[in-house]
Amino acid sequence: MALTGEIAALATASCWVVTAMSFETAGRRIGSLAVNILRLMIAFVLLAAVGLATRGHMVPTDFGAHEWAWLGLSGLVGFTFGDLTLFRALVLIGSRLSTLLMALVPPMAALIGLAALGETLSVFDMTGMALTLAGVAIAVLERPDETAKRSRRDTVVGVALGVCGAVGQAVGLILSKYGMGDRDPFASTQIRVIAGIAGFSLLYLIIGWWPKVIAGVRDVAAMKALGVGSFFGPFLGVSLSLVAVQHTQTGVAATIMAMTPILILVPTVALGRERVTWRAFAGAFLAIAGVAILLLF
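What counts as what
- Residues numbered from 1 in each chain as written.
- Predicted model: local features only at pLDDT ≥ 70, side-chain atom pairs only at ≥ 80, totals over all residues.
- Heavy atoms only, no water.
- Helix = DSSP H or I, 4+ residues; strand = E, 2+ residues; numbered from the N terminus.
- Rg over C-alpha atoms; globule rule 2.2 N^0.38 Å.
- Buried < 20%, exposed > 50% of the residue type's maximum accessible area, 1.4 Å probe, protein only.
- Expected span 1.5 Å × (residues − 1).
- Polar contact = N/O pair within 3.5 Å; in protein donor to acceptor, adjacent residues only side chain to side chain.
- Phe/Tyr/Trp six-rings, centres within 6.5 Å; stacked < 30°, edge-to-face > 60°.
- Salt bridge = Lys/Arg side-chain N within 4 Å of Asp/Glu carboxyl O.
- Core = buried A, V, L, I, M, F, W, Y, C linked by side-chain atoms within 4.5 Å.
- Contact = heavy atoms within 4.5 Å.

As for the overall build of the chain
Move 1: A tally of regular secondary structure across the chain gives 13 helices and 0 strands.
Move 2: Secondary structure elements in the chain, listed N-terminal to C-terminal, are α-α-α-α-α-α-α-α-α-α-α-α-α.
Move 3: The C-alpha atoms of the chain give 18 Å as radius of gyration, which agrees with the globular expectation for 297 residues (19 Å, within 12%).
Move 4: Overall, the C-alpha framework of the chain stretches about 50 × 45 × 35 Å when taken along its three principal axes.
Move 5: Across the 297 residues in the chain, those meeting the buried criterion constitute 49%.

Given below as structure tokens:
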């Protein structure tokens, strides 16, 4: 199917809506650092079950050294480095500015994809990407300024960490595409998850965070939210993102996946958490128009 990558990217953005809301709930109860590793552990179990049922392998032992090396590096860069810096940026500068900085991922992915993989973009691709990212920026900037009461130092450090998070996500996507080739996306995701767990495990051992992670497991409400978020995030969402980059240019896939802030308006409004203004509506319309161009041309 010609649009397999684009449709998978849109499905990924939809999955991340559920993930964002679930991890927000869990993070408020047990902290973002505990959420980071527990979500990967849950995803590992789900991916092992799928691998056993579909390929006869609980762990992708049939993958070669090339896949393990590059997908493992992708997991360290994307999950451990990228997510860790992004979560810290969320604390320092809030979700509005952090989300806006993540809009840097598509152009970064497109440039790295061009340099490393020889991926090229058509005029329609570039137009669709520009419209989508402009729409996301307009919608995100419509939210209240969460940085107004933050110190200059926190703002500078938070922005730097947000940019690092965007770099981690973009590089992680490119490394995944290079390492995966035409192999199974779910098995490829599992290798990334294993590397992410290893990275976080070492970090938490160094900073002495394991007792807090263990305490988080005892929070039933948090674990329920984590279960939902892990299914739609590192299990299904990340796997679909690999399907997306496997079948289309990385920059195009990353742009469509950046639609999450637009898609999340629907449940937040339905639940009464947010009121959509005309400016946010205009941003959403612009972003949808950009995605339509990416899908139709």
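A few points about helix H7 (residues 185-207)
Move 1: Along its 23 residues, H7 runs 33 Å from first to last C-alpha, staying within 8% of the 33 Å computed at 1.5 Å per residue.
Move 2: Looking at where H7 begins, the residue whose side-chain oxygen comes 3.2 Å from the main-chain nitrogen of Phe186 is Asp184.

Looking at the packing of aromatic side chains
Centre-to-centre distance and the angle between the planes together describe a pair of aromatic rings.
Move 1: Under the criterion given, the structure shown has 7 aromatic pairs.
Move 2: With centroids separated by 5.0 Å and ring planes inclined at 90 degrees, the aromatic side chains of Trp70 and Tyr178 adopt a geometry described as edge-to-face. Separated by 108 residues along the polypeptide, Trp70 in helix H3 (residues 65-102) and Tyr178 in helix H6 (residues 152-180) bring together distant segments of the chain.
Move 3: Exposure remark for Trp70: the relative accessible area of 32% places this residue in the partly exposed category.
Move 4: On the basis of relative accessible area, Tyr178 is assigned to the partly exposed category, the value being 43%.
Move 5: Look at Tyr204 and Trp210: their rings are 6.2 Å apart centre to centre, the planes differ by 75 degrees, and that puts the pair in the edge-to-face class.
Move 6: With relative accessibility at 0%, the residue Tyr204 sits in the buried group.

A short note on the pattern of salt bridges
Move 1: What the rule picks out here adds up to 8 salt bridges.
Move 2: Residue Asp62 pairs with Arg55 through a salt bridge whose shortest N-O separation is 2.7 Å.
Move 3: Looking at Asp62, the relative accessible area reads 32%, which means it is partly exposed.
Move 4: On the basis of relative accessible area, Arg55 is assigned to the partly exposed category, the value being 23%.

Considerations on the nonpolar core
The nonpolar side chains of a soluble globular protein tend to be buried, and buried together.
Move 1: Formed by 27 residues in total, the largest nonpolar core has its most connected members in Ala9, Val105, Leu173, Val245 and Ala253.
Move 2: For this core, the secondary-structure elements that each account for two or more residues are helix H1 (4-30), H3, helix H4 (105-117), H6, H7, helix H9 (220-247) and helix H10 (250-257).
Move 3: Apart from the residues lying within four places of it in its own chain, the contact partners of Ala253 are Ala9, Ala244, Val245 and Thr248.
Move 4: Judged by nonpolar contacts, the second largest core, of 22 residues, contains Leu40, Val213, Phe235 and Val238.

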